[in-house]
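Given next are the chains, with one letter for each unit.
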Amino acid sequence: MLNIIKSSANLSKKDAFRLANTNGSSRMIDLAGKEIEISKWLYATTIETRNDGETLEKDVLYIEQSDGTIMGSVSPTFINSFMNIADTFGDDFHRIRIVKGISKNGREYVTW
């Protein structure tokens, strides 16, 4: 199940379904150091049922690039950072650079 929290103004219901159900989406961390051009984006909560019957709720950000490539992230750092941009600029931003860092705990993270 998909609960849409926020999206780009140009995102249709069909686009939302397609973004959330694409199996071949790229991971943000794999694009570290690259600049991407954003076509559409979707911030949503997904509810999945695990094999043991337990449900798992997680926030996901999907971004479609202008070339049609779809990327997804469950990273709270990246999602919060991206949503700060979206809240500030609305749909007036179209390019971001993906940056990888290492936290104090030694874990990799991505931001813009």
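Everything below is about the structure shown above.
Every value quoted in this text rests on a predicted model; they were computed, and no experiment measured them.

J.: Which residues make up helix α2 (residues 76–89), and what are the values?
T.: In a regular helix each residue adds 1.5 Å, so 14 residues correspond to 20 Å; α2 covers 20 Å between its end C-alpha atoms and thus fits that length. Of all the positions in α2, only Phe78, Ile79, Ser81, Phe82, Met83, Ile85 and Ala86 are classed as buried. Residues of α2 that are buried sit in contact with β1 (2–7), β3 (35–49), β4 (55–65), β5 (70–73), β6 (95–97) and β8 (108–111). In the segment just after α2, Gly90 is the residue with positive phi, at about 60°.

J.: So, the nonpolar core: which residues are in play, and what are the values?
T.: The biggest cluster of nonpolar side chains holds 19 residues, and the ones touching the most others in it are Trp41, Ile63, Phe78, Phe82 and Ile96. Elements supplying a minimum of two residues to this core: β3, β4 and α2. With six residues, α2 is the single largest residue contributor to this core. Excluding anything up to four places from it in sequence, Phe82 contacts Ile38, Trp41, Leu61, Ile63, Phe93, Ile96 and Trp112. Among the nonpolar cores identified, the runner-up in size contains eight residues, and Leu11, Ala16, Leu19 and Val60 belong to it.

J.: Describe the pattern of salt bridges, listing the residues and the values that go with them.
T.: Between side chains of opposite charge, a pair can form when the charged atoms approach closely. If you walk through the whole model with that rule in mind, you get eleven salt bridges. Here Lys40 and Asp15 are joined by a salt bridge, their closest N and O atoms 3.2 Å apart. Highlighted residues: Lys40 in strand β3 and Asp15 in helix α1 (residues 13–20), separated in sequence by 25 residues. One exposure class covers both Lys40 and Asp15, and it is buried. Notably, a salt bridge pairs Glu48 with Lys58, separated by 3.7 Å at the nearest N-O pair. With a gap of ten residues between them, Glu48 in strand β3 and Lys58 in strand β4 connect regions that are remote in the sequence.

J.: Describe the packing of aromatic side chains, and please don't skip the residues or the numbers.
T.: One pass over the full model with this rule turns up three aromatic pairs. Both rings, one in Phe82 and one in Phe93, keep their centres 5.4 Å apart while their planes meet at 70°; by these two values the pair is edge-to-face. Of the two residues, Phe82 sits in helix α2 while Phe93 sits in the loop between α2 and β6, which places them eleven residues apart along the sequence. Of the two residues examined, Phe82 and Phe93, each falls in the buried class.

J.: Break down the pairing of β3 for me, with residues and values.
T.: Pairing of β1 with β3, which is carried by five bridges, proceeds in the antiparallel orientation. Across the sheet, the residue bridging to Lys6 is Tyr43, located in β3. Summarising the sheet, β3 and β6 pair through three bridges and their orientation is antiparallel. By the bridge assignment, Glu35 is partnered in β6 with Arg97. Looking at chain direction, β3 and β4 are connected through eleven bridges and run antiparallel. Each bridged residue has a counterpart across the sheet, and for Leu42 the counterpart in β4 is Tyr62. Counting the residues that bridge the hairpin from β3 to β4 gives five residues, and of these Gly53 lies at a positive phi of roughly 90°.

Here is what the cut-offs are and how they apply
- Residues numbered from 1 in each chain as written.
- Predicted model: local features only at pLDDT ≥ 70, side-chain atom pairs only at ≥ 80, totals over all residues.
- Heavy atoms only, no water.
- Helix = DSSP H or I, 4+ residues; strand = E, 2+ residues; numbered from the N terminus.
- Expected span 1.5 Å × (residues − 1).
- Buried < 20%, exposed > 50% of the residue type's maximum accessible area, 1.4 Å probe, protein only.
- Contact = heavy atoms within 4.5 Å.
- Core = buried A, V, L, I, M, F, W, Y, C linked by side-chain atoms within 4.5 Å.
- Salt bridge = Lys/Arg side-chain N within 4 Å of Asp/Glu carboxyl O.
- Phe/Tyr/Trp six-rings, centres within 6.5 Å; stacked < 30°, edge-to-face > 60°.
- Pairing = 2+ DSSP bridges.

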